[in-house]
Each structure stands twice: as structure tokens, then as C-alpha cells.
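Observations on chain architecture
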Amino acid sequence: MIRKLIDRFGKLVTASFFVMAIGFIAFLLTPLLYGMWGIDSDLPGMVLVCIGLAICITGMIRRKKPHGWKLAIWVILAVVLLLPALQLIVSLIYYLMTGEPLGS
């Protein structure tokens, strides 16, 4: 089954489906996780969905090889989708350096 998906869509697009599914499930489980254990998983879930979409766009760029303005639009869209992940990376680096959360 996985082999059929890889043959049809490619490795990156297939991997993006799994990343988006994990993010979507984490987003949907937010009320349950927050109610029982106090874990807020809506933002990490949405970030995973955005990362999955960026991976999917990267796979489509590699597969279709667009040129000119189409390529520019695809790349800009992928970069915009990765901005939440960049913010999380910067916050993690700041926290590891200083020991306190960013913005406090």
C-alpha cells in the first residue's frame, strides 16, 4: 500500500501526508488532552500541518519542475507556511541559551 502511494505521488508528498495526518490528529485531540492532562496541542498540531504542506509543496516542485513566476509563487508559499516553525526554533534556541521563555 505504501509502495503504491510512493510510486503515485513520490516520497516527499507521501511523507507530507503522514506529517499532516499527525498534526491534524494532534489538533483534533486538543480538547481531550487539555481536559485530562492539561496538554495544549492545538498550536503544535497546526505547525505540523503547515510543515506537512510545505513538504508537499517541495515535493510538487521537485516532481513538476515549474519555471518562472510559478516557481516563485510556490517557493513563497512554502516559506510563508514555514514561518511558524521558524518562530518555534528561535524560541527554543533562546530558551536553551537563557533558561527563560522568549518575551518574558
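Residues numbered from 1 in each chain as written. Predicted model: local features only at pLDDT ≥ 70, side-chain atom pairs only at ≥ 80, totals over all residues. Heavy atoms only, no water.

**As for helix 2 (residues 11-28)**
- Over its 18 residues, helix 2 extends 26 Å from the first C-alpha to the last, a length consistent with the 26 Å expected when each residue adds 1.5 Å.
- Of the residues making up helix 2, those classed as buried are Val-13, Thr-14, Ser-16, Met-20 and Gly-23.
- Lining the buried residues of helix 2 we find helix 1 (2-9) and helix 4 (42-64). (Helix = DSSP H or I, 4+ residues; strand = E, 2+ residues; numbered from the N terminus. Expected span 1.5 Å × (residues − 1). Buried < 20%, exposed > 50% of the residue type's maximum accessible area, 1.4 Å probe, protein only. Contact = heavy atoms within 4.5 Å.)

**A word on the nonpolar core**
- Of all hydrophobic cores here, the largest spans 6 residues; its members are Cys-50, Ala-54, Ile-57, Ile-61, Ala-78 and Leu-81.
- Those elements that place two or more of their residues in this core are helix 4 and helix 5 (69-81).
- Excluding residues within four positions of it along the chain, Ile-61 makes contact with Pro-66, Leu-71, Trp-74 and Val-75. (Core = buried A, V, L, I, M, F, W, Y, C linked by side-chain atoms within 4.5 Å.)

**What about a positive patch on the surface?**
- A cluster of like positive charges, contributed by Arg-3, Lys-11, Arg-62 and Lys-65, occupies part of the molecular surface.
- Locating Arg-62 in the fold gives a position in helix 4.
- Judged by relative accessible area, which is 58%, Arg-62 ranks as exposed. (Patch = residues over 30% accessible without salt bridge, like charges linked within 9 Å, V, L, I, M, F, W, Y side chains within 5 Å. Areas by Shrake-Rupley, 256 points an atom, 1.4 Å probe, with all protein chains shown as cover. Salt bridge = Lys/Arg side-chain N within 4 Å of Asp/Glu carboxyl O. Lys, Arg positive; Asp, Glu negative; His and termini not counted. Charge placed at Lys NZ, Arg CZ, Asp CG, Glu CD.)

**A word on helix 4**
- Taking 1.5 Å per residue, 23 residues should reach 33 Å; helix 4 reaches 33 Å between its end C-alpha atoms and fits that length.
- Three or more residues of helix 4 are buried, namely Gly-45, Val-47, Val-49, Cys-50, Gly-52, Ala-54, Cys-56, Ile-57, Gly-59 and Ile-61.
- The elements touched by buried residues of helix 4 are helix 2, helix 5 and helix 6 (83-98).
- Looking one or two places after helix 4, you find Lys-65, whose phi comes out positive at around 50°.

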